[in-house]
Amino acid sequence: MTPLAQASPRPARWGWLLYSFTRREILNRYAGSVSGLAWTLFHPLAQLAIFAFVFTQIFRVGVPADYPGVAYVTFVAVALWPWIMFSEGLDRAMGSIAANGGLIRKVAFPHRLLVYAAVLACSAVHLVGFLAVLAALKLLGEPIRLSGLPVALVLLLPYILLATGIGALLAALQTLLRDVQHVVQVLITVLFYASPILYPASLAPESFRRWLQLNPLAWFSERLREVLLQGSGFVAGDAIAAAGCLTIFLGGLWVFNRLSPSFEDFL
């Protein structure tokens, strides 16, 4: 075998390894848990109940007139589950390299697979919960447009790609600088409340809406509502947002690959 052949990538082999990492990530996540996957559904539901009480009973936030017949719980749920998928995937991706230090020191493989597996595992688990909640809301009489599910699933792809790109960047930085995680936790909280997840974008001050236009999380939150609650299809802005997510993904992956050879020195 020539050196070139030996050095060439093996997509089939790495694909199987990615599957194994993802499966392990899901199984390890619930090892020793009696209820298993039920906690994945219960935790977001508890968050949704708390947010619904606070924002409807205390802050008196209502649903815009553009969404007739839609309850506040449904309005929030459509954007909250993708956000949880994004934020949790980001958090697990950030710690994926440090959590697998022993494996990295012993086995040669593309380290980015650990980041991919962390995000894919979170996406798969929370996607099941998301679909279950949408089905439950539909059965309860909420105007969920199930015909919009294919469009919504396509919109989730750049959302996941964004989490993977930022997660790869943070995973590399977290491996070299352990303080990164603490800073990111604060930024994630700020980003959550700065995105129209618990409130409609129309409630944001005019000056703040300009920033929202640059926030891909705000874009996808609003678009998922339009698709699942209004029956909207694709719009030109979806392609622009997807291109932005792809750019962030490639940029994060480039930084990760540049720093990856140094990981073993810090693990």
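Participant: Describe in detail the overall build of the protein chain, supporting the description with residues and values.
Facilitator: Within the protein chain, the regular secondary structure consists of 12 helices and zero strands. In terms of overall dimensions, the protein chain is globule-like: its C-alpha atoms have a radius of gyration of 20 Å, near the 18 Å expected for 267 residues. Its C-alpha atoms give the protein chain principal-axis dimensions of about 65 × 45 × 35 Å. Sorting the 267 residues of the protein chain into buried and exposed places 44% on the buried side. Relative to all contacts within the protein chain whose residues are 6 or more apart in sequence, the contacts with residues 24 or more apart total 79%. Surface summary for the protein chain: the accessible area is close to 13,800 Å², and the carbon and sulfur share equals 68%. For the protein chain, the separation between the mean place of its 18 positive charges and that of its 12 negative charges on side chains is 8 Å.

Participant: Describe the packing of helix H8 (residues 149-176) against helix H12 (residues 236-259), listing the residues and the values that go with them.
Facilitator: Across the interface, H8 lies against H12 with an axial gap of 8 Å and an inter-helix angle of 25°. Classified by the angle their axes make, H8 and H12 are roughly parallel. Of the two possible hands of crossing, H8 and H12 adopt the one that is left-handed. Residue classes in the contact of H8 with H12 are distributed as 20 nonpolar, three polar and one charged.

Participant: Summarise the state of the cysteines; cite the residues concerned and give the values.
Facilitator: Inspection of the entire model under this criterion finds zero disulfides. With no disulfide of its own, Cys245 lies closest to Cys122 among cysteine sulfurs, the gap being 17 Å. Residue classification places Cys245 among the buried residues on the basis of a relative accessible area of 0%.

Participant: So what's going on with the nonpolar core? Which residues, and what values?
Facilitator: Counting residues in hydrophobic clusters, the biggest one holds 69 residues, and the most contacted among them are Leu80, Trp83, Phe86, Leu198 and Phe256. At the level of secondary structure, the elements contributing two or more residues to this core comprise helix H2 (11-29), helix H3 (38-58), helix H4 (72-94), helix H7 (112-139), H8, helix H9 (180-194), helix H11 (216-230) and H12. Element by element, the count of residues in this core is highest for H4, at 14 residues. Sequence-distant contacts of Leu80, that is, excluding residues within four places in its chain, are made with Pro44, Leu48, Phe51, Phe192 and Ile197.

Participant: Any chance you could break down H4 for me, citing the residues and the numbers?
Facilitator: Helix length check: H4, at 23 residues, gives a terminal C-alpha distance of 32 Å against a target of 33 Å (1.5 Å per residue), a fit within 8%. Val78 marks the point of greatest bend in H4, at about 30°, and the proline Pro82 comes within the next four residues. With 19 of 23 residues buried, H4 is to be regarded as a mostly interior element.

Participant: Tell me about the pattern of salt bridges, and name the residues and values.
Facilitator: A full pass over the atoms with the stated rule returns six salt bridges. Salt-bridge contacts for Glu226 lead to Arg223; the nearest nitrogen and oxygen are separated by 2.7 Å. In this pair, Glu226 and Arg223 both sit in helix H11, three residues apart, roughly one turn of the helix. Note on Arg223: relative accessible area 2%, which makes it buried. Among the ionic pairs, Asp238 bridges to Arg223, the shortest N-O distance being 2.8 Å. One end of the pair, Asp238, is in helix H12; the other, Arg223, is in helix H11, and 15 residues separate them in sequence. Overall, the relative accessible area of 7% leaves Asp238 in the buried class. One continuous salt-bridge network, built from bridges that share partners, spans Glu25, Glu88 and Arg92.

Participant: Just give me the short version of the confidence of the model for the protein chain, but keep the residues and values in it.
Facilitator: Low pLDDT marks stretches whose predicted atomic positions should not be read closely. Overall, the predicted model of the protein chain reaches an average pLDDT of 90, with 93% of residues at or above 70. Taken element by element, the protein chain is modelled with least confidence in helix H1 (residues 3-7), mean pLDDT 37, and with most confidence in H8, mean pLDDT 97. Low confidence marks residues 1-9, where pLDDT is under 50. Its contacts with residues over four positions away, or in another chain, come to two contacts.

Participant: How would you summarise the packing of aromatic side chains if you had to cite specific residues and measurements?
Facilitator: In total, this model carries 13 aromatic pairs according to the counting rule given. With a centroid separation of 5.5 Å and 50° between ring planes, the pair formed by Phe55 and Phe59 is classed as tilted. According to the relative accessible area criterion, Phe59 is exposed, its value standing at 53%. Through pairs of rings, three or more aromatic residues link up here, namely Phe51, Trp83, Phe86, Tyr159, Phe192, Tyr193 and Phe220.

Participant: Give a description of the side chain of Asn215 that names residues and reports values.
Facilitator: Examined against the element boundaries, Asn215 turns out to sit in the loop between helix H10 (206-212) and H11. Residue classification places Asn215 among the buried positions, given a relative accessible area of 5%. Setting aside residues no more than four positions away along its own chain, Asn215 makes contact with Leu191, Ala194 and Ser195.

Calculation criteria
- In this convention, every chain numbers its residues from 1, walking through the sequence in written order.
- Thresholds applied to this predicted model are a pLDDT of at least 70 for local features of residues and 80 or more for the giving and counting of side-chain atom pairs; totals over whole chains, interfaces and linings are not thresholded and use all residues.
- The side-chain numbers reported here are obtained from all heavy atoms of the structure, hydrogens and water having been left aside.
- Think of it this way: any DSSP run of H or I at least four residues long counts as a helix, any run of E at least two long counts as a strand, and we number them from the N terminus.
- To get the radius of gyration, use the C-alpha atoms; to get the globule rule, take the number of residues to the power 0.38 and multiply by 2.2 Å.
- Exposure classes here rest on a 1.4 Å probe applied to the protein chains alone. A residue is buried below 20% of its type maximum, exposed above 50%, and partly exposed in between.
- A contact between two residues is defined here by any heavy atoms of the two lying within 4.5 Å.
- All accessible-area figures derive from a Shrake-Rupley calculation using a 1.4 Å probe, and residue coverage is judged against the displayed protein chains alone.
- In this charge count, Lys and Arg are treated as positive and Asp and Glu as negative; neither His nor the chain ends contribute.
- The atoms used to mark charge sites are NZ of Lys, CZ of Arg, CG of Asp and CD of Glu.
- Axis definition: a line fitted to C-alpha atoms, over the contacting stretch in the case of helices. Angles run 0 to 180 degrees between N-to-C directions.
- Should an angle lie under 35 degrees it is considered roughly parallel, over 145 roughly antiparallel, and from 65 to 115 roughly perpendicular; all remaining angles are considered oblique.
- For a crossing to be left-handed, the near helix must be turned anticlockwise from the far one by less than a right angle; the clockwise case is right-handed.
- Just so you know the grouping, Ala, Val, Leu, Ile, Met, Phe, Trp, Tyr, Cys and Pro go in nonpolar, Asp, Glu, Lys and Arg go in charged, and all remaining residues, Gly too, go in polar.
- Pairs of cysteine sulfur atoms within 2.5 Å are what we label disulfides.
- To define a nonpolar core, start from buried Ala, Val, Leu, Ile, Met, Phe, Trp, Tyr and Cys residues and group those joined through side-chain atoms within 4.5 Å.
- The length a helix should cover is 1.5 Å for every residue beyond the first.
- To obtain the bend at a residue, axes are fitted to the seven residues ending there and to the seven starting there, and the angle between these axes is taken.
- Should a side-chain nitrogen of Lys or Arg be within 4 Å of a carboxyl oxygen of Asp or Glu, the pair is scored as a salt bridge.
- Confidence per residue, as judged by the predictor, is encoded in pLDDT with a range of 0 to 100.
- Stacked, tilted and edge-to-face are the three classes applied to pairs of Phe, Tyr and Trp rings, where Trp contributes its six-membered ring and a pair requires centres within 6.5 Å; stacked means planes under 30 degrees apart, edge-to-face means over 60, and tilted covers the rest.

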